[in-house]
Amino acid sequence: MSKKVRVRFAPSPTGGLHLGGVRTVLYNYLFAKQNGGDFIVRIEDTDQTRFVEGAEEYIFNTLEWCGLTPDESPKHGGPHAPYRQSERKESYRKYAEELVAKGLAYYAFDTAEDLDAKRKEIANFQYGHSTRISMKNSLTLSDTEFKNLIDANTPYVIRVKLEPHQEIKFTDLIRGEVHFDTTQVDDKVLLKADGMPTYHLAVVVDDYAMQISHAFRGEEWLPSAPVHIFLWDKLFGLENMPQWAHLPLILKPDGNGKLSKRDGDRLGFPVFAMDWKDPRTNEQATGFKERGFLPEAFTNMLAMLGWNSGSEQELFSLEELIEKFSLERVHKGGAKFDFEKAKWFNHEWIKKSTIYDVRSTIYNLFKEHNILVDDESKFEKVFELVKDRCVLLNDFVQQAGYFFQTPTNIDITALQPKWDDKKKSFFTALIQQWNNDFAGDATQLEQQFKALSETQQIKAGELMLPLRVMLVGGKFGPGVFEIASIIGKEETIKRIENTIAMLA
RNA sequence: GGAGCGUUGGUCAAGGGGUUAAGACACCUCCCUUUCACGGAGGAAUCACGGGUUCGAUUCCCGUACGCUCUACCA
């Protein structure tokens, strides 16, 4: 009888959520939904010195933007509340004490200075089976010494005590069987001097309390896994332990190593899902959202960074991902992040999108740039006309803005060199022609234009680019006559007149 | 230093004892387009190295090298 699938994402609220974090959420979410399970978000705020104001709210905003709604969390509630470890502080101590009572953990009174000194004295110092006998702890102190320290309220921590030369192994859902020799594992601190648990104690206690069935986390946790396995074995039984899956890391695009916020700054791409301003340093980091990414594209791109369906399909909606995702197809090795490919995903999703998907986002964007959408049906037409040219949502400002606003920045240098009286007289005649009879339809406008160029004896080809620059301000955009047709007679003539004046 | 994990084109990757070793991004060339895109056609890999096993290894085994992660009273 297998238990209900319950997974958790357990971030610590120390800053913006970056690519690796969101991908971990995604994989958790996909796995839970695929198996009709629950997706829990638990806040691991056991380190009070690293707590950052606003970080937790930011995490939930990010999840909402991505469409990855938790079933249980401090925000959404649930049967295992509270979901913040700081609020569960009382629940951890007894397990640490239980281990001490069983001789599997001990009190240690060494100060930070003591430890620093040791580390300086002994190269590669580890608090473990070979060194703990020379430290200040309940293993080495006499009963009365110990009692005196406790009575004097001396700060202490509780550390696990692992016997050397034991094998600890477990089956990782991605990597298969992984082995460790306890001789190499140090006596990790379980309970800190302030009474808070460390991550190592808190994960197992909470995963047990919340009946987590599968635990996904970054590969950086693999080396401490034996401690967690040990704790599970002694505290709750291996049969109750969640199945582990250690996810590959997301690496820097250049060189090697884990992707960091610094790389984004350096290489000019976002690393966080959304804008994040660190309240302590006032440092600002831009996010994928603000950079113009669609959440569908963002999650699609992230899913493919470490997983592949085995088919040639690359574009997946969240629903398709839920259906197709499988841990067996998650890679073991890390992947370098490629912003160009990320943009490609976004471009594809914009091409797939309809006006209804993105209208409000683009409206807001336009508002920031003082672009006023006067006509809804015109906006729809424009959207269909230019969306193939937009890689990021923000590109709509340039690609669609001139339909609603007379361009102020005319790239005059693009036509100046070849501008002459012949062209000037053509456009003057064109103004007259269109003033009298402006055929509203694009192909008819083109016919009028070409007919005029023939009577004026100028090649139409030499006039297309000037017209384009006059209407849109630069060398881009869809067909010129489409544009003229949409912006209409008055505006078309006005823009031609304006530019002629500028060229005079 | 130690432990753990990893290694298929520049990047993401499929594949898996016998194949012309998929596909995508990027890049280059060409076509389409009197703009920019879209779209279409083409171009690149002795599968890290060395030993085995085998009729045959990119694929299995063992080493080596390289890379990454961890080695905190941080997660």
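Rules used throughout
Residues numbered from 1 in each chain as written. Chains lettered and ligands numbered in written order. Predicted model: local features only at pLDDT ≥ 70, side-chain atom pairs only at ≥ 80, totals over all residues. Heavy atoms only, no water. Helix = DSSP H or I, 4+ residues; strand = E, 2+ residues; numbered from the N terminus. Areas by Shrake-Rupley, 256 points an atom, 1.4 Å probe, with all protein chains shown as cover. Lys, Arg positive; Asp, Glu negative; His and termini not counted. Charge placed at Lys NZ, Arg CZ, Asp CG, Glu CD. Pairing = 2+ DSSP bridges. Axes fitted to C-alpha atoms, helices over the stretch in contact; angles between N-to-C directions. Core = buried A, V, L, I, M, F, W, Y, C linked by side-chain atoms within 4.5 Å. Buried < 20%, exposed > 50% of the residue type's maximum accessible area, 1.4 Å probe, protein only. Contact = heavy atoms within 4.5 Å. Near = heavy atom within 4 Å. Polar contact = N/O pair within 3.5 Å; in protein donor to acceptor, adjacent residues only side chain to side chain. Nonpolar A, V, L, I, M, F, W, Y, C, P; charged D, E, K, R; others polar. Domains from an automatic or database assignment. Salt bridge = Lys/Arg side-chain N within 4 Å of Asp/Glu carboxyl O.

## Here we look at the overall build of chain A
Moving on, step 1. When helices and strands are tallied, chain A shows 19 helices and 13 strands.
Moving on, step 2. Projecting the C-alpha coordinates of chain A onto the three principal axes gives extents of approximately 110 × 50 × 35 Å.
Moving on, step 3. Put simply, chain A shows about 23700 Å² of open surface, and 48% of that area lies on carbon and sulfur atoms.
Moving on, step 4. Computing the positive centroid from 63 side-chain charges and the negative centroid from 74, chain A places the two 2 Å apart.

## Some thoughts on the sheet that holds strand 3 (residues 105–108)
Moving on, step 1. The strand order across the open sheet built from three strands is 3-4-7, with neighbouring strands paired in antiparallel fashion. Edge positions in the open sheet fall to strand 3 and strand 7 (189–191), since each of these has one partner strand only. With strand direction ignored, the average angle separating the axes of adjacent strands in the sheet is 45°.
Moving on, step 2. Sheet topology places strand 4 (residues 157–160) next to strand 7; two bridges connect them, and they run antiparallel.

## What to know about the nonpolar core
Moving on, step 1. Formed by 117 residues in total, the largest nonpolar core has its most connected members in Phe298, Phe337, Phe396, Phe427 and Ile496.
Moving on, step 2. Per-element tally for this core: the top contributor is helix 19 (residues 480–503), with 10 residues.
Moving on, step 3. Residues in contact with Phe298, not counting those within four places in the same chain, are Leu19, Val22, Trp65, Cys66, Ala273 and Phe288.
Moving on, step 4. Core analysis: the second largest hydrophobic core is formed by 40 residues, Ala96, Phe180, Leu235 and Met241 among them.

## Considerations on the protein's contact with RNA strand B
Moving on, step 1. Around RNA strand B, the surrounding shell holds 61 residues, and the nearest of these are Thr46, Glu314, Lys341, Arg389 and Gly477.
Moving on, step 2. Here the atoms of RNA strand B within 4 Å of the protein split so that 71% fall in sugar or phosphate, with bases taking the remainder.
Moving on, step 3. In this structure, Glu314 approaches RNA strand B through a side-chain N or O atom, which is 2.7 Å from a sugar or linking oxygen.
Moving on, step 4. Within the residue set of the surface near RNA strand B, elements represented by two or more residues are helix 4 (112–121), strand 4, strand 6 (176–181), strand 13 (335–336), helix 12 (339–352) and helix 18 (461–472).
Moving on, step 5. If one sorts the elements of the surface near RNA strand B by residue count, helix 12 sits on top with five residues.
Moving on, step 6. For the surface near RNA strand B, the class distribution of residues is 19 nonpolar, 18 polar and 24 charged.

## A short note on unusual backbone geometry
Moving on, step 1. The amide bond that connects Ala81 to the next residue, Pro82, takes the cis arrangement and shows omega of 0°.
Moving on, step 2. With respect to the element layout, Pro82 can be found in the loop between helix 2 (55–66) and helix 3 (90–101).
Moving on, step 3. With phi around 55°, Asn124 is a residue other than glycine that occupies positive phi space.
Moving on, step 4. Turning to its location among the elements, Asn124 is positioned in the loop between helix 4 and helix 5 (143–151).
Moving on, step 5. Despite not being glycine, Gln211 has its phi angle at roughly 55°, a positive value.
Moving on, step 6. Mapped onto the elements, Gln211 comes out in the loop between helix 6 (199–209) and strand 8 (214–218).
Moving on, step 7. Assessed through its relative accessible area of 48%, Gln211 is described here as partly exposed.

## Quick look at the domain arrangement of chain A
The figure often quoted for interface size is the accessible area lost as the parts come together.
Moving on, step 1. Segmentation of chain A into domains returns domain 1 (6–74 + 199–249), domain 2 (90–191), domain 3 (353–403) and domain 4 (412–503).
Moving on, step 2. Its C-alpha centre places domain 1 at a distance of 61 Å from the equivalent point of domain 4.

## Concerning the pattern of salt bridges
Close approach of charged atoms lets side chains of opposite charge pair.
Moving on, step 1. All chains considered together, the criterion is met by 38 salt bridges.
Moving on, step 2. Here Arg266 ties to Asp263 by a salt bridge, and the two come within 2.9 Å at their closest N and O atoms. Here Arg266 pairs with Asp263, and both are found in helix 8 (residues 261–267), just three residues apart, close to one helical turn.
Moving on, step 3. Each of the salt bridges in this network shares a partner with another, and the network as a whole consists of Arg8, Arg42, Glu44, Arg88, Asp206 and Asp207.

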